[in-house]
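# Breakdown of the fold
Chain by chain, the residues:
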Amino acid sequence: VEADGLQDRNRAVLDDLVSHDAMVQNFYTAAIVSVALLILGFVASIVFVRKITDPLADLARAAESVEKGYYDFVIPGRVLARKDELGHLSRAFAQMTKTVQERGNTLQRQVEALHIRIDHDRQAKDVSEIVETEYFRELKEKARKFRET
């Protein structure tokens, strides 16, 4: 009976050791899987964030160009071809910029035309002021008399 009790105790100790080793092995396996999932999640988040931030950075550079008065920027085709909100936003931005540039060019031409007209009107006024002075009339009369002689 004592031998059976000793064997049962030995089995219990052995089971505890095997159970402890299995637990440690399971802990290491869980740790390795956790670290691998953490790394995979980190890489996936970087890829996902870049997919959003890169097109936004392209749009920000385009907005800075427009702010500085440069309308000949190029939004990359990969952004314009997107089917999501960023693609829609970039296409709308490109169209608005084109419209603003056309309006700016039209206004510039109108300003130049007005400037020419104002210069012409100012010149006519200046000539009129000179011609209507008493001094000019006297010179004109002297020139007429000089030609007759």
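Here, every reference points to the structure presented above.
The present account deals with the structure reproduced in this document. (Residues numbered from 1 in each chain as written. Predicted model: local features only at pLDDT ≥ 70, side-chain atom pairs only at ≥ 80, totals over all residues. Heavy atoms only, no water.)

Another point: the overall build of the protein chain. Broken down by element type, the protein chain carries 4 helices and 0 strands. Walking the protein chain from its N terminus toward its C terminus, one meets helices and strands in the order α-α-α-α. Here the protein chain, with 149 residues, has 9% of them falling under the buried criterion. Looking at the protein chain as shown, the accessible area adds up to about 12,900 Å², and 63% of this sits on carbon and sulfur atoms. (Helix = DSSP H or I, 4+ residues; strand = E, 2+ residues; numbered from the N terminus. Buried < 20%, exposed > 50% of the residue type's maximum accessible area, 1.4 Å probe, protein only. Areas by Shrake-Rupley, 256 points an atom, 1.4 Å probe, with all protein chains shown as cover.)

Grouped together as the largest cluster of nonpolar side chains are 6 residues: Leu-59, Ala-62, Phe-73, Ile-75, Val-79 and Phe-93. Setting aside anything within four residues of it in sequence, one finds Phe-73 in contact with Ala-62, Ser-65, Val-66, Phe-93 and Thr-97. (Core = buried A, V, L, I, M, F, W, Y, C linked by side-chain atoms within 4.5 Å. Contact = heavy atoms within 4.5 Å.)

With that out of the way, let us pick up helix H3 (residues 85-131). Between the first and last C-alpha of H3 there are 68 Å, a value that for 47 residues agrees with the 69 Å anticipated at 1.5 Å per step. Among the residues making up H3, those that are buried are Leu-86, Gly-87, Ser-90, Phe-93 and Thr-97. A distance of 3.3 Å separates the backbone nitrogen of Leu-86 from a side-chain oxygen at the start of H3, and that oxygen is part of Asp-84. (Expected span 1.5 Å × (residues − 1). Polar contact = N/O pair within 3.5 Å; in protein donor to acceptor, adjacent residues only side chain to side chain.)

Our focus in this paragraph is the pattern of salt bridges. Per the stated rule, a full pass over the model turns up 8 salt bridges. Between Arg-144 and Glu-141 there is a salt bridge, with the nearest N and O atoms lying 2.1 Å from each other. Remark: Glu-141 and Arg-144 occur in helix H4 (residues 134-148); sequence separation between them is 3 residues, near one turn of the helix. You can call Arg-144 partly exposed: its relative accessible area is 36%. Among the charged side chains, a network of salt bridges with common partners joins Asp-58, Arg-61 and Arg-78. (Salt bridge = Lys/Arg side-chain N within 4 Å of Asp/Glu carboxyl O.)

With that settled, consider the side chain of Ser-90. Relative to the elements of secondary structure, Ser-90 occurs in helix H3. Assessed through its relative accessible area of 0%, Ser-90 is described here as buried. Leaving out residues up to four positions away in the same chain, Ser-90 has contacts with Leu-59, Ile-75, Val-79 and Leu-80.

This model, assessed by the stated rule, comprises 2 aromatic pairs. Judged by centre distance (6.0 Å) and plane angle (45°), the ring pair of Phe-73 and Phe-93 falls under tilted. Residue Phe-73 is found in the loop between helix H1 (2-67) and helix H2 (77-80), and its partner Phe-93 is found in helix H3; the two are separated by 20 residues along the sequence. Its relative accessible area of 19% is what places Phe-93 among the buried residues. (Phe/Tyr/Trp six-rings, centres within 6.5 Å; stacked < 30°, edge-to-face > 60°.)

This next bit is on a nonpolar patch on the surface. A cluster of nonpolar side chains, contributed by Val-35, Ile-39, Phe-42, Val-43, Ile-46 and Val-47, occupies part of the molecular surface with about 570 Å² of accessible area. Examined against the element boundaries, Val-43 turns out to sit in helix H1. The exposure class assigned to Val-43 is partly exposed, which follows from its relative accessible area of 45%. (Patch = residues over 30% accessible without salt bridge, like charges linked within 9 Å, V, L, I, M, F, W, Y side chains within 5 Å.)

Within the secondary structure, Thr-97 is located in helix H3. Looking at Thr-97, the relative accessible area reads 5%, which means it is buried. In terms of polar contacts, Thr-97 uses its side chain to reach the backbone carbonyl oxygen of Phe-93, at 2.8 Å. Discounting residues that sit within four places of it in the chain, Thr-97 has contacts with Val-66, Tyr-71 and Phe-73.

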